[in-house]
Amino acid sequence: ALSDRLSRIVKEMRGQARITEANVTDMLREVRMALLEADVALPVVRDFIARVKEKALGQEVVGSLTPGQVLVSVVNRELAATMGDGVADINLAAQPPAVILMAGLQGAGKTTTTAKLAKHLIEKRKKKVLTVSGDVYRPAAIEQLKTVTAQAGAEWFPSTPDQKPVDIARAAIDYARKHYFDVLLVDTAGRLAIDEALMREIQELHAVLKPVETLFVVDAMQGQDAINTAKAFSAALPLTGIVLTKLDGDSRGGAALSVRQVTGAPIKFAGVSEKLDGLEVFDAERHAGRILGMGDILALVEQVTAGVDMAAAQKLAAKVKSGEGFDLNDFLDQIRQMKQMGGLSSFMDKLPSAMAAKASEADLSRAEKDIKRKEGIICSMTLKERSRPEIIKATRKRRIAAGAGVHVQEVNRLLKEFEQMQGMMKKMKGGGLMKMMKRMGG
Ligand code: GDP
Ligand code: MG
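Residues numbered from 1 in each chain as written. Chains lettered and ligands numbered in written order. Predicted model: local features only at pLDDT ≥ 70, side-chain atom pairs only at ≥ 80, totals over all residues.

1. Overview of the site of ligand 1
To keep things clear, this is the line we draw: Each residue receives a C-beta atom built from its backbone; the residue is near a molecule or strand if that atom lies within 6 Å of it. Strands are runs of DSSP state E lasting at least 2 residues, helices are runs of H or I lasting at least 4, and numbering of each runs from the N terminus. For this scheme, ten residues count as nonpolar: Ala, Val, Leu, Ile, Met, Phe, Trp, Tyr, Cys and Pro. Four count as charged, namely Asp, Glu, Lys and Arg, and the remainder, Gly too, count as polar.
Around ligand 1 there are 17 residues in total, and G109, K110, T111, T112 and G271 lie nearest to it. The dominant element in the shell around ligand 1, judged by the number of residues it contributes, is helix α5 (residues 110–125), at 3 residues. Split into classes, the residues belonging to the shell around ligand 1 amount to 2 nonpolar, 11 polar and 4 charged.

2. Re the pairing of strand β5 (residues 213–219)
Inclusion rule: Remark: C-beta atoms are placed from the backbone, and a residue is labelled buried if 20 or more other C-beta atoms sit within 10 Å of its own, exposed if 12 or fewer do, or partly exposed between those counts. Two strands are said to pair when DSSP picks up at least two bridges between them. Crossover handedness is defined by viewing with both strands directed away from the observer: a clockwise path from the first strand over the helix to the second marks the crossover as right-handed.
Counting buried positions along β5 gives 7 out of 7 residues, so the element sits mostly inside the fold. Side-chain alternation along β5 places E213, L215, V217 and D219 on one buried face and T214, F216 and V218 on a second face that is also buried. In this sheet, β5 lies alongside strand β1 (residues 98–103) in parallel orientation, the contact comprising 4 bridges. Each residue of the ladder has a partner; that of A103, found in β5, is F216. Between the parallel elements β5 and strand β6 (residues 241–245), the chain passes through helix α9 (residues 226–236) in a crossover that is right-handed.

3. Side note on the pairing of strand β7 (residues 267–271)
The element β7 is extensively covered by neighbouring structure, given that 5 of its 5 residues are classed as buried. Where β6 and β7 come together, 3 bridges link them in parallel fashion. Across the sheet, L244 pairs through a bridge with A270, a residue of β7. The parallel pair β6 and β7, bridged by helix α10 (residues 255–263), forms a crossover whose chirality is right-handed.

4. Regarding the nonpolar core
Inclusion rule: By definition, a nonpolar core groups buried Ala, Val, Leu, Ile, Met, Phe, Trp, Tyr and Cys residues that are joined through C-beta atoms within 7 Å. Two residues qualify as being in contact provided that their C-beta atoms, derived from the backbone, are within 7 Å of each other.
Of all hydrophobic cores here, the largest spans 88 residues; its most connected members are I100, L184, V186, F216, V218 and L244. At 7 residues, helix α4 (residues 67–83) tops the list of elements feeding residues into this core. Those residues in contact with I100 that lie beyond four places of it in its chain are I90, L117, V183, L185, V186, P211, E213 and L215. In terms of nonpolar packing, the next biggest core, distinct from the first, is built from 12 residues, F331, I335, I371 and V411 among them.

5. A look at the UniProt feature "domain: SRP54-type proteins GTP-binding" (unreviewed entry) in the protein
Condition: UniProt positions are given in the numbering used here, feature names are shortened, and annotations may be inferred rather than shown by experiment.
Mapped onto the present numbering, the UniProt feature "domain: SRP54-type proteins GTP-binding" (unreviewed entry) falls at residues 266–279. Taken end to end, residues 266–279 has its terminal C-alpha atoms 16 Å apart, with 0% of it in helix and 43% in strand.

6. Examining the environment of G405
Take G405: it is sitting in the loop between α18 (394–404) and α19 (408–428). The sequence separation of G405 and G376 amounts to 29 residues, and the corresponding C-alpha distance is 8.5 Å.

7. Here we look at the confidence of the model for the protein
Formally: pLDDT gives the predictor's per-residue confidence on a scale running from 0 to 100.
Residues of the protein with pLDDT of at least 70 account for 75%, and the chain-wide mean is 81. Overall, residues 342–359 carries pLDDT values under 50, and its contacts beyond four positions in sequence, including any with other chains, amount to 41 contacts. Reported for the predicted complex are a pTM of 0.68 and an ipTM of 0.99.

8. Some details on helix α6 (residues 139–152)
Applied cut-off: One fewer than the residue count of a helix, multiplied by 1.5 Å, yields its expected span. Working definition: the arc comes from the directions between the helix axis and the C-beta atoms, pointing outward to the latter.
The terminal C-alpha atoms of α6, which comprises 14 residues, lie 20 Å apart, in line with the 20 Å expected from a rise of 1.5 Å per residue. Buried within α6 we find A141, I142, L145, V148, T149 and A152. Here the buried residues of α6 occupy an arc of 135° about the axis, which is enough to place them on one side. Turned more than 90 degrees off the buried face of α6, the exposed positions are P139, A140, E143 and Q151. On its buried side, α6 packs onto α5, β2 (129–133), β3 (155–157) and β4 (183–187). A positive backbone phi angle near 80° is found at G153, which sits one or two residues after α6.

Quick look at the structure:
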């Protein structure tokens, strides 16, 4: 499976300090396969891999990460950067009515998305919204828009199959202007395959409507073929945004990357259900995780990269190396570092499948709570107690437990753990510090 593929990369080549030509090739082959399995189109994959390779080469491998982990995190960041540019919401900067033209293949979700957008604009942006259908080929399609528009709480402008789409457009704009609508949403016809007549028709519509937004609606389940659809629509129309529908399905949504790369337009929204509230602002980072099949794990790699306080870790290592005693203050330092890392190293070791990843999330939050509790206990000790833990006897234990709001047994457990850690520290003399911190997290 996809996540197995990437987990393998993540685990490979431990102990190497940087990403090089020599070790990157195999890993990138896996990434390439992962993207193809997610239905990203081949030329887009090639481009993307070339960019990632350039960015990854020579990248330092910090802390407890492996080159594979660093590479996957570069891949993830590049994916998110490629798909997102922060221009999420609908642009309405136009003389009212701001016209929004919906384009896309039949079945992509144009009519549904039109109603979803109407609802969004009414509820979130307090706009007065009119919809109209230019789908004169299927009377049922006009009725469908009427129904969903009513559900969205917007107004619908009637059209009939004997009219020409451009005439409908003119009449609708006229009506919208006279009745002070802020927004006019124009639904259009789609075909099962792209054809010239359809493209000409929507170009004519575009010329008449002069829309402030021309949204390309594309089905995330369309897979590899999305790139061709996107090319055709992008060549015919100046697209201003993309709506990726049916993300509630089980596709990996690789179409997002293809469509974004081919059109250059921002992905603004994601359709996540048939219902009218099933429209979300597109989240590029989350989607990158979905494409790679690794979800939150990637975010965790990021955290490790960002969160390890290398200076403090080195100071601690030096202290142990120099033979100075390892006391509860050092233990607290370690615990705080664990907190920064979120106890993640142990989590990273459990990557083999999506299932394991889910289980580990629960582990993770438990580990985090545990870390907080330990921190609380040590903070309830005096400095003297921290540097000479052997003086902590029954009375002190009771006081510390009360201060930290825990049972005395928990104080005992912490002291025992400290002793074990101290023993290990003596044996290891500062080496393998990261390994030790990892063990603590487990
Ligand atoms: P159009 O031909 O482009 O106008 O597509 P429609 O809006 O009629 O949608 C086609 C089908 O896809 C309908 O059954 C919709 O309910 C469904 N649909 C649209 N968007 C979504 C979505 O985000 N999620 C799911 N599950 N179904 C959707
Ligand atoms: Mg339709």
